[in-house]
Amino acid sequence: MGYTVRMKPTKEKTEPKKIAFSGIQPSGIIHIGNYLGSIKQWLEVQGHYDAIFSVVNLHAITIPKKPAELKAHTLNAAKTFLASGVDPEKSTIFVQSDVPEHAQLYWALGTITKLSELYLMTQFKDKSQGQGKEGALAGLLNYPVLMAADILLYNTTTVPVGEDQRQHVELARELARRFNEMFGKTFIVPQALIHKTGSRIMGLDNPNKKMSKSAANKNNYIALTDTPDDIAGKIKKAVTDSEGSIHYDIDRKPGVSNLLTILSLVTDTSIKDLEKSYKGQTTYAGLKTDLTHTLSDFILAFQKKYEGISDAEAKHYLRMGAEKAHAIANQKLEEVYERMGLLL
């Protein structure tokens, strides 16, 4: 007589769901630094994470904006996401103000945030220099708390950002830990995802400072709306050095290193391979010519895709994304309110 041995079913270990969140302000000008430092990372994570990307228009009004311009820039940013390759079937894209839970969680987190933490934020210190602490607007000071709310609303595990946002992600991590200690386990403590190459694209006119749309010199950045002639003129004037050798050395050769970084990221070629290809060249003409052609081709292809996206199509995907985001955010906010005693 045989016996059947019944084995206890083994529970499969399931990996925690990986969720990525990031956002870009609708500033009007989106330059190659924004693309390489942020959007390019988004394209890499959207196939491996539940990806949530937002046009963070509430952040944009830390400096007052004209309403019509803000609306136009918001739509422009959404179309830029789509034209760059963010897939609304794989990723959730939405406008921040369409999901009111962002502002609601921002207030709750603000009640456990120390002023001393906000005054230490590098971006606040940089942007408030003209007015000083007394003259700076409260929105600018509280910007990192809203960013923490953006991240924590979605059980975010990973935040793909540039190096300049590392400090803000650290505050989000601290607020998640603090809330969990005060009210019970509620938030995941997220991790920043910062690529070593391209986390800070520097200005073409000043490679010691980050590329910026607000730079006084328009030759500082290459916008995604630039023409091939614009690109050629800006690359030609880009700061290099007098050595004449093409190799990466961020301390001694910041200008050349910046150009190599941009070319590496746009062509998906390692900097070491680029250095080999330029070995023996004693001027920067070849590097600048290659970068001009590469960027022109890339930006023209982007512009063609952008022009093919109607306002109606972009708004459709934003509405669809806002519904998905709201469902997740509302559930998390209810949990927060329950923990804090705000629900009867």
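Here the structure is a predicted model, which means the values were calculated and not measured.

1. Here we look at the side chain of Q46
So, step 1. Counting through the fold element by element, Q46 comes out in the loop between α1 (32-45) and β2 (50-55).
So, step 2. Judged by relative accessible area, Q46 falls into the buried class, the value being 10%.
So, step 3. At a separation of 3.0 Å, a polar atom in the side chain of Q46 contacts the main-chain amide nitrogen of D87.
So, step 4. When near neighbours in sequence (up to four residues on either side) are disregarded, Q46 contacts A51, F53, G85, V86, D87, K90 and S91.

2. Overview of the pattern of salt bridges
So, step 1. Applying the stated criterion across every chain, the model contains 16 salt bridges.
So, step 2. The shortest N-O distance in the salt bridge between K40 and E44 comes to 3.5 Å. Of this pair, K40 and E44 both sit in helix α1, separated by four residues, roughly a single helical turn.
So, step 3. On the basis of relative accessibility, which here comes to 12%, the residue K40 falls in the buried class.

3. With respect to the confidence of the model for the chain
So, step 1. Considering every residue of the chain, the mean pLDDT works out to 91; 94% of them sit at 70 or more.
So, step 2. For residues 1-11, every residue scores under 50 in pLDDT, and the model assigns this stretch zero contacts once sequence neighbours within four places are set aside.

4. Details of the layout of surface pockets
So, step 1. Roughly 280 Å³ of volume is contained in the second largest pocket.
So, step 2. For the second largest pocket, the lining is made up of 13 residues, of which K71, T74, L75, V95 and D98 are closest to its centre.
So, step 3. Mapped onto the lining of the second largest pocket, the elements with two or more residues apiece are α3 (67-84) and α14 (311-340).
So, step 4. In terms of residue count, α3 provides more of the lining of the second largest pocket than any other element does, six residues in total.
So, step 5. Residues of the lining of the second largest pocket, tallied by class, amount to six nonpolar, three polar and four charged.

5. Details of the environment of K276
So, step 1. On the secondary structure map, K276 appears in helix α12 (residues 271-277).
So, step 2. In sequence terms K276 and I231 are 45 residues apart; their C-alpha atoms lie 25 Å from each other.

Rules and cut-offs
Residues numbered from 1 in each chain as written. Predicted model: local features only at pLDDT ≥ 70, side-chain atom pairs only at ≥ 80, totals over all residues. Heavy atoms only, no water. Helix = DSSP H or I, 4+ residues; strand = E, 2+ residues; numbered from the N terminus. Buried < 20%, exposed > 50% of the residue type's maximum accessible area, 1.4 Å probe, protein only. Polar contact = N/O pair within 3.5 Å; in protein donor to acceptor, adjacent residues only side chain to side chain. Contact = heavy atoms within 4.5 Å. Salt bridge = Lys/Arg side-chain N within 4 Å of Asp/Glu carboxyl O. pLDDT = per-residue confidence, 0-100. 1 Å grid on protein atoms, 1.4 Å probe; cavity = no way out; pocket = protein on both sides within 12 Å on 5 of 7 lines; lining within 4 Å. Points joined across faces, edges and corners; volume = space filled by probe spheres on them. Nonpolar A, V, L, I, M, F, W, Y, C, P; charged D, E, K, R; others polar.

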